[in-house]
Amino acid sequence: MKADFEVYAGAKTFASGLLPELIAALRCARPGDLIAILSGEASVGVDLEAWCRFTHNSLVDTSVEAGRSRWVVRYGEVSKSADTDRPIGSRLWLYTNFDCNLRCDYCCVRSSPTAPRRALGLDRVRQIAAESAGLGVREIFVTGGEPFLLADIGEILNACTTAAATTVLTNGMLLAGRRLESLRALPRDRLTLQISLDSPTPERHDRHRGTGTWARAWNGIDRARAEGFRVRLAATVSSDAEADEFRRFLDERQIREADRVVRRIALRGVAAEGIALARADLVPEITITAEGVYWHPVGAEDADMFLTPNIFPLAESFSAVRHAFERENEHRRRLATIFNCA
Ligand code: SF4
């Protein structure tokens, strides 16, 4: 991960001179900047993590290069979304596959036409839908990769809609032929299509996603609406200015708040820039892939978000996420006590 500042700690630790250097780097930084700390002392990592939690910075990456550890700290907190008090498990994310017809330059799970499919599979989706009854799941989000590459996407979505209101995330470009046909049988009151559109005009969207993709996504939006589905527009943007521009575009078209998502690029997957996110920044939204259970859909193939390879019994994987979150909160409370100065 690239950083805005590099601090070469040498043999220094928090007990022997690293802290003033870190503070000096922070004084030059702006919120959101990334500061890398390189050290031969592996013990620095533990103190750094505790210091980050106490100071509301975030440890967003850890790696080892040529025998030295390198930690990356994001300066400052990410802005909290309004609905962080949603019960854990009320949203369930399913990564049905990781291959995609596009190769967007910020894809947080490295999807592309050449990415291995790693399909969750209809049988597992059916079992998840059946076992989710009684676990408090209110919404299921089906994502990938591009879910409409799957021949059985209609059956997958049908299984999900029997368990909870379902949203399928798509780039909107494959809503034709047999894929459109497979949608037709699905309940309009239980299924929403969330279609990606990054900008009011093609230029920026196409720069990130490929030439001609804006126009094809817009066609997909029209088609889904013509079929009577609720459509939510989802934009991934690089700045507040881009977000404001897109919101004005949605306002002009009288798209209601519930039918829009505007979010910043996350520095995950193949993204070269964006907001660096650590697990501690994110309230868990249980996410299931073919490999197991993850903390959050952003980072659904990253080791720091991985919780367990055991999807079933689903109640146990839900418990694993809730316990991990409780441990995280307990850790925060304990730090507040440890660092109490008076
Ligand atoms: S961002 Fe979405 S559409 Fe783009 S490559 Fe990733 S999964 Fe595919």
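Look up: the structure comes first, before these words.
To start, this report covers the structure provided alongside it.

What counts, and at which threshold
- Residues numbered from 1 in each chain as written.
- Predicted model: local features only at pLDDT ≥ 70, side-chain atom pairs only at ≥ 80, totals over all residues.
- Heavy atoms only, no water.
- Pairing = 2+ DSSP bridges.
- Helix = DSSP H or I, 4+ residues; strand = E, 2+ residues; numbered from the N terminus.
- Axes fitted to C-alpha atoms, helices over the stretch in contact; angles between N-to-C directions.
- Contact = heavy atoms within 4.5 Å.
- Buried < 20%, exposed > 50% of the residue type's maximum accessible area, 1.4 Å probe, protein only.
- Arc of directions from axis to C-beta.
- Near = heavy atom within 4 Å.
- Nonpolar A, V, L, I, M, F, W, Y, C, P; charged D, E, K, R; others polar.
- Core = buried A, V, L, I, M, F, W, Y, C linked by side-chain atoms within 4.5 Å.
- Parallel < 35°, antiparallel > 145°, perpendicular 65-115°, else oblique.
- Salt bridge = Lys/Arg side-chain N within 4 Å of Asp/Glu carboxyl O.

### Notes on the sheet that holds strand E13 (residues 306-308)
Whether parallel or antiparallel, the strands of a sheet pair through hydrogen bonds between backbone atoms.
Phase 1 of the analysis: Strand order in the open sheet formed by 9 strands is E10-E9-E8-E7-E6-E5-E11-E12-E13, and the pairing between neighbours is mixed. Edge positions in the sheet fall to strand E10 (260-264) and E13, since each has one partner strand and no second. Strand-to-strand twist in this sheet, taken as the mean axis angle between neighbours without regard to direction, amounts to 25°.
Phase 2 of the analysis: Across 5 bridges, the pairing between strand E5 (residues 91-95) and strand E6 (residues 139-143) is parallel. By the bridge assignment for E6, Leu-94 is matched with Val-142.
Phase 3 of the analysis: Sitting on the sheet, helix H7 (residues 213-226) is in contact with strand E8 (191-196) and strand E9 (230-237), with an inclination near 165° to E8.

### Some thoughts on helix H1 (residues 18-28)
Phase 1 of the analysis: Within H1, the full set of buried residues consists of Leu-18, Leu-22, Ala-25 and Leu-26. Seen along its axis, H1 keeps its buried residues to an arc of 100°; they face one direction. Residues of H1 that are exposed and point over 90 degrees away from its buried face: Pro-20, Arg-27 and Cys-28.
Phase 2 of the analysis: Tucked inside the fold, the buried residues of H1 contact strand E1 (5-10), strand E2 (34-39) and helix H2 (44-55).

### Structural notes on the environment of Ala-163
Phase 1 of the analysis: Position of Ala-163 among the secondary structure elements: in helix H4 (residues 153-163).
Phase 2 of the analysis: Separated by 55 residues in the primary sequence, Ala-163 and Cys-108 place their C-alpha atoms 27 Å from one another.
Phase 3 of the analysis: Once residues within four sequence positions are removed from consideration, Ala-163 is found in contact with Ala-129, Ser-132, Ile-140 and Arg-190.

### Considerations on helix H3 (residues 122-131)
Phase 1 of the analysis: Taken together, the buried positions of H3 are occupied by Leu-122, Val-125, Ile-128 and Ala-129. Down the axis of H3, the buried side of the element spans an arc of 120°, and every buried residue falls inside it. When the buried face of H3 is taken as reference, the exposed residues oriented beyond 90 degrees from it are Asp-123 and Ala-130.

### So, the site of the ligand
Phase 1 of the analysis: Around the ligand sit Cys-100, Leu-102, Cys-104, Cys-107, Ser-111, Gly-145, Asn-171 and Arg-209, and those are all the residues in its vicinity.
Phase 2 of the analysis: The residue makeup of the shell around the ligand, split by class, is 4 nonpolar, 3 polar and 1 charged.

### Some points on the nonpolar core
Phase 1 of the analysis: Leu-94, Leu-157, Leu-183, Leu-193 and Ile-288 are the most contacted members of the largest nonpolar core, which has 61 residues in total.
Phase 2 of the analysis: Residue contacts for Leu-183: discarding those within four places in its chain leaves Phe-148, Leu-157, Leu-175, Arg-188, Leu-191, Leu-193 and Phe-229.

### Description of unusual backbone geometry
Phase 1 of the analysis: Residue Pro-313 is bonded to the preceding Phe-312 through a cis peptide linkage, with omega at -5°.
Phase 2 of the analysis: Among the structural elements, Pro-313 can be located in the loop between E13 and helix H9 (314-338).
Phase 3 of the analysis: Backbone geometry at His-56 places phi at a positive 65°, although glycine is not the residue there.
Phase 4 of the analysis: Following the sequence through the fold, His-56 ends up in the loop between H2 and strand E3 (58-65).

### Observations regarding the packing of helix H6 (residues 202-209) against H7
Phase 1 of the analysis: One can describe the packing of H6 onto H7 by two numbers: an axis separation of 8 Å at closest approach and a directional angle of 105°. Comparing the axis directions of H6 and H7 gives the class roughly perpendicular. In this structure, H6 contributes Pro-202, His-205, Asp-206 and Arg-209 to the contact, and H7 contributes Thr-213, Trp-214 and Ala-217.
Phase 2 of the analysis: Tallied by class, residues from the contact of H6 with H7 come to 3 nonpolar, 2 polar and 2 charged.

### Some details on the packing of H3 against H4
Phase 1 of the analysis: Interaxial distance between H3 and H4 falls to 9 Å at its minimum, and their mutual angle equals 5°. The orientation of H3 relative to H4 falls into the category roughly parallel. In this structure, H3 contributes Leu-122, Val-125, Arg-126 and Ala-129 to the contact, and H4 contributes Glu-155, Ile-156, Ala-159, Cys-160 and Ala-163.
Phase 2 of the analysis: Split into classes, the residues belonging to the contact of H3 with H4 amount to 7 nonpolar, no polar and 2 charged.

### A closer look at the pattern of salt bridges
Phase 1 of the analysis: For the structure shown, the criterion picks out 28 salt bridges.
Phase 2 of the analysis: A salt bridge links Asp-302 to Arg-268, with the shortest nitrogen-to-oxygen separation between them at 2.9 Å. Remark: Arg-268 occurs in the loop between E10 and strand E11 (287-289) and Asp-302 occurs in the loop between strand E12 (292-294) and E13; sequence separation between them is 34 residues. The residues Asp-302 and Arg-268 share a single accessibility class, namely buried.

### Things to note about the sheet that holds E2
Phase 1 of the analysis: Spatially, the 4 strands line up as an open sheet ordered E1-E2-E4-E3, and their pairing is mixed. Sheet topology places E1 and E3 at the edges, where each strand pairs with a single neighbour. Pairs of neighbouring strands in the sheet enclose a mean axial angle of 20°, with direction left out of account.
Phase 2 of the analysis: In this structure, E3 lies alongside strand E4 (residues 68-74), joined through 7 bridges in antiparallel fashion. Paired with Leu-59 across the strands is Val-73, a residue of E4.
Phase 3 of the analysis: Across the sheet, H1 lies against E1 and E2, angled at about 170° from E1, the strand it touches most.
Phase 4 of the analysis: In this fold H2 packs onto E2, E3 and E4, with an angle of close to 5° to the strand it touches most, E4.

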